[in-house]
Amino acid sequence: MTLPPSRTPTRAELREHLVRTAIAGDVATSRENNLDHYRSLALRDPHYLFGLNFEGEWSYHEVLALMAEKAGVVADPGHREGPDTIDPERTIDAVEEMGERIAKVLRRASPRIVLATGHPTGLLTIHLALARFLTENGATLLFPAEGWTHIGGLGRRRRIRYLDGVAMLEDRGTFVHTHEAMPMEAMLAEERPDFVIADHGWAGAAGEAGVETVGFADSNDPALFVGEAEGKIAVTVPLDDNVLPRFYAPLTAYLLARVARSL
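Note that this is a predicted model, so its numbers are computed, not measured.

A. Structural detail: the nonpolar core. Ile102, Leu115, Leu134, Ile197 and Phe216 are the most contacted members of the largest nonpolar core, which totals 45 residues. Discounting residues that sit within four places of it in the chain, Ile197 has contacts with Ile102, Val114, Leu115, Ala116, His127, Leu130, Leu134, Val214 and Phe216. The next biggest cluster of nonpolar side chains, apart from the first, holds 42 residues, and it includes Leu41, Val63, Leu66 and Met184.

Dropping the structure here:
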């Protein structure tokens with residue numbers, strides 16, 4: 001069943017859609033990739049920390065157990081290769097919790113919000129819809145550190161640029177995928193928002209700074225889930241973060257409907 005983009009799906013319809021499009025269920029991210037990233041986080045590789053500093057030890061086995069609990073990956077450490085999973089029920093539960101958090105923020109007087117994504121080819125479509133909804137419902141979107149630049153990988157100059165209220169990194173006219181926390185750190189140094197909706201290092205750096213933050217994360221990106229477990233990230237939605245953008249439309253509609261009902 002293909003849902004029209006204008007209609008909000010039921011929970012059962014959204015679950016079927018998530019599995020059919022591999023946003024959840026059997027996902028494209030391999031077990032080998034997941035486990036490699038869990039080991040890298042346990043070893044405190046900065047690339048996988050997303051700007052977060054953890055209080056707990058978070059061994060490899062503890063990270064795997066957390067990801068099984070929060071995202072629904074296979075809990076058996078003996079499963080070392082092949083496919084892995086994201087539980088669509090956990091995805092929907094987290095979407096609903098995110099909606100409640102956003103609604104709570106919108107009930108404040110003129111909340112100041114930052115949106116940012118490191119996945120311009122995937123999750124950007126959700127952030128753009130959220131940006132429109134937030135401004136229509138009394139929020140003020142902030143644009144801190146617009147034009148801030150730094151030298152990224154391969155010596156390329158990257159800068160913060162906003163598209164319809166959503167911050168991304170731009171490289172010679174192209175929005176780029178990034179795990180970096182430094183751009184959000186630069187934004188927070190200029191202006192501190194009341195609330196952040198983001199992913200990757202954009203979310204991690206905001207949560208580390210004590211800003212109320214909700215975010216999206218794939219099964220191979222455990223940092224935000226660990227951050228949530230330690231109380232630094234309010235909500236993390238598990239999902240494949242780079243399927244075709246149009247596939248996210250029903251999830252986005254469900255999220256926005258949840259916010260609207262809670263206002």
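B. Layout of the pattern of salt bridges. As enumerated under the stated definition, the model contains 19 salt bridges in all. The shortest N-O distance in the salt bridge between Arg7 and Glu13 comes to 3.1 Å. With relative accessibility at 34%, the residue Arg7 sits in the partly exposed group. For Glu13, a relative accessible area of 17% puts it in the buried group. Its salt-bridge partner being Glu96, residue Arg258 comes within 3.9 Å of it at the nearest N-O pair. Note that Arg258 is positioned in helix α9 (residues 249-262) and Glu96 in helix α4 (residues 88-106), a separation of 162 residues in sequence. The partly exposed category is assigned to Arg258, whose relative accessible area is 21%. Beyond isolated ion pairs, a larger network of salt bridges with shared partners links Arg11, Arg15, Glu89, Asp93, Glu96, Glu100 and Arg258.

C. Broad picture of helix α7 (residues 200-208). A large share of α7 lies buried, amounting to eight of its nine residues. Along α7, the positions that sit buried rather than exposed are His200, Gly201, Trp202, Ala203, Gly204, Ala205, Ala206 and Gly207. The positive-phi residue at the C-terminal boundary of α7 is Gly210, with phi of around 90°.

D. Molecular detail of unusual backbone geometry. Of note in this structure, Phe50 is not a glycine but carries a positive phi near 60°. Structurally, the position occupied by Phe50 is in the loop between α2 (31-42) and α3 (60-70). With a phi angle near 55°, Trp58 is a residue other than glycine that sits in the positive phi range. Structurally, the position occupied by Trp58 is in the loop between α2 and α3. Judged by its relative accessible area of 15%, Trp58 falls in the buried class.

Thresholds applied
Residues numbered from 1 in each chain as written. Predicted model: local features only at pLDDT ≥ 70, side-chain atom pairs only at ≥ 80, totals over all residues. Heavy atoms only, no water. Core = buried A, V, L, I, M, F, W, Y, C linked by side-chain atoms within 4.5 Å. Buried < 20%, exposed > 50% of the residue type's maximum accessible area, 1.4 Å probe, protein only. Contact = heavy atoms within 4.5 Å. Salt bridge = Lys/Arg side-chain N within 4 Å of Asp/Glu carboxyl O. Helix = DSSP H or I, 4+ residues; strand = E, 2+ residues; numbered from the N terminus.

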